[in-house]
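Inside the fold
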Amino acid sequence: MSETHSSGADHFLGLDAGSISVKVALLDRGGRLITSSYARHQGRPYQTALSSLTDLLKTHDPSRIGLAAVTGVAAGRLAELLGGLAVGEIRALTLAARRYLPSASALIDIGGEDTKLLWFGREADGTLTLADFAMNALCAAGTGSFLDQQAHRLGYDIGRFSHLALKSEVPPRVAGRCSVFAKSDMIHLQQSATPDYEIIYGLCLAMARNLKSGLAKGRPLPPP
């Protein structure tokens, strides 16, 4: 890294250009977060990245930024445009865990389009290392898009959706392996006057079951 950034630069830029949103983080030399942003790109990741970076550079001196690293589905082109580094998502997650969660044994990343499950091991000196990983098939079930779709069907934005889930006391069982089946279950529950917050938490549990059976496949997920 020291060979990559210019002399005097003490800030580092990270972007995650995913299938739904662009996340930007500015770090100091010690890896501490200075500022961050999140923006849904509505199918326009490059324009959204430009807008996010333009806003960032209104308050931060670009000459102090010595390295840009990009991950996510649009990483290759964005890294090229920024003159930065493209980092694969599995590697980015592993490096982040090594830096910020060195005691982790497993990690779950639920994105808008795919879900990743990572298992970690330790090198002889105790350094965290990737032991294995699994990813879901190309289907909305078990991803953030699944919850987005169901939130929209119920008339909530995803932020309100999450808070309502916490009110649940007796969550019903909802199909999580297929969005079509989930919709059918939701309609039946609504016709039975089941409160929205119970349905919502049922959907969250369905997603967790889907991850446990579809990705972990019975393999233990040791804490933390």
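A brief structural summary. This structure is a prediction, so every number in the text was calculated from the model and none was measured. (Residues numbered from 1 in each chain as written. Predicted model: local features only at pLDDT ≥ 70, side-chain atom pairs only at ≥ 80, totals over all residues. Heavy atoms only, no water.)

On to the overall build of the chain, then. Assigned secondary structure in the chain consists of 7 helices and 8 strands. Looking at the chain as a whole, 39% of its 224 residues are labelled buried. Considering only contacts in the chain between residues 6 or more positions apart, those separated by 24 or more positions represent 54%. Counting only carbon and sulfur atoms, one obtains 56% of the accessible surface of the chain, whose full area is about 12,600 Å². One finds the centroid of the 23 positive side-chain charges in the chain at a distance of 3 Å from the centroid of its 20 negative side-chain charges. (Helix = DSSP H or I, 4+ residues; strand = E, 2+ residues; numbered from the N terminus. Buried < 20%, exposed > 50% of the residue type's maximum accessible area, 1.4 Å probe, protein only. Contact = heavy atoms within 4.5 Å. Areas by Shrake-Rupley, 256 points an atom, 1.4 Å probe, with all protein chains shown as cover. Lys, Arg positive; Asp, Glu negative; His and termini not counted. Charge placed at Lys NZ, Arg CZ, Asp CG, Glu CD.)

Its location among the elements puts Thr143 in the loop between strand S8 (128–135) and helix H4 (144–154). Residue class for Thr143 comes out buried when judged on its relative accessible area of 0%. What Thr143 contacts, discounting residues up to four positions off in sequence, is Ile110, Gly111, Gly112, Glu113, Asp114, Thr115, Asn136 and Met207.

As a further point, take the packing of helix H5 (residues 158–165) against helix H7 (residues 196–216). For the pair H5 and H7, interaxial distance at closest approach is 8 Å and the crossing angle is 95°. The orientation of H5 with respect to H7, classified from their angle, is roughly perpendicular. Here Phe161, Leu164 and Ala165 of H5 come into contact with H7, specifically with Tyr197, Ile200, Tyr201, Leu203 and Cys204. The residue inventory of the contact of H5 with H7, partitioned by class, reads 8 nonpolar, no polar and no charged. (Axes fitted to C-alpha atoms, helices over the stretch in contact; angles between N-to-C directions. Parallel < 35°, antiparallel > 145°, perpendicular 65-115°, else oblique. Nonpolar A, V, L, I, M, F, W, Y, C, P; charged D, E, K, R; others polar.)

Right, let's get into helix H1 (residues 45–57). Relative to the 18 Å expected for 13 residues at 1.5 Å per residue, H1 spans 18 Å between its end C-alpha atoms, a close match to the ideal helical length. When we look at burial in H1, the residues that qualify are Pro45, Thr48, Ala49, Ser52, Leu53 and Leu56. On an axial view of H1, the arc spanned by its buried residues comes to 130°, and they lie on one face. Contacts made by the buried residues of H1 are with strand S1 (11–17), strand S2 (21–28), strand S3 (33–40) and helix H2 (75–82). (Expected span 1.5 Å × (residues − 1). Arc of directions from axis to C-beta.)

We now examine the sheet that holds strand S7 (residues 115–122). The 3 strands are arranged S6-S7-S8 in an open sheet whose pairing can be described as antiparallel. The two strands at the open ends of the sheet, each matched to only one other strand, are strand S6 (106–110) and S8. Taken over all neighbouring pairs, the strand axes of this sheet differ in orientation by 20° on average, direction set aside. Sheet analysis places S6 next to S7, joined by 5 bridges and oriented antiparallel. Bridging across to S7, Ala106 finds its partner in Trp119. (Pairing = 2+ DSSP bridges.)

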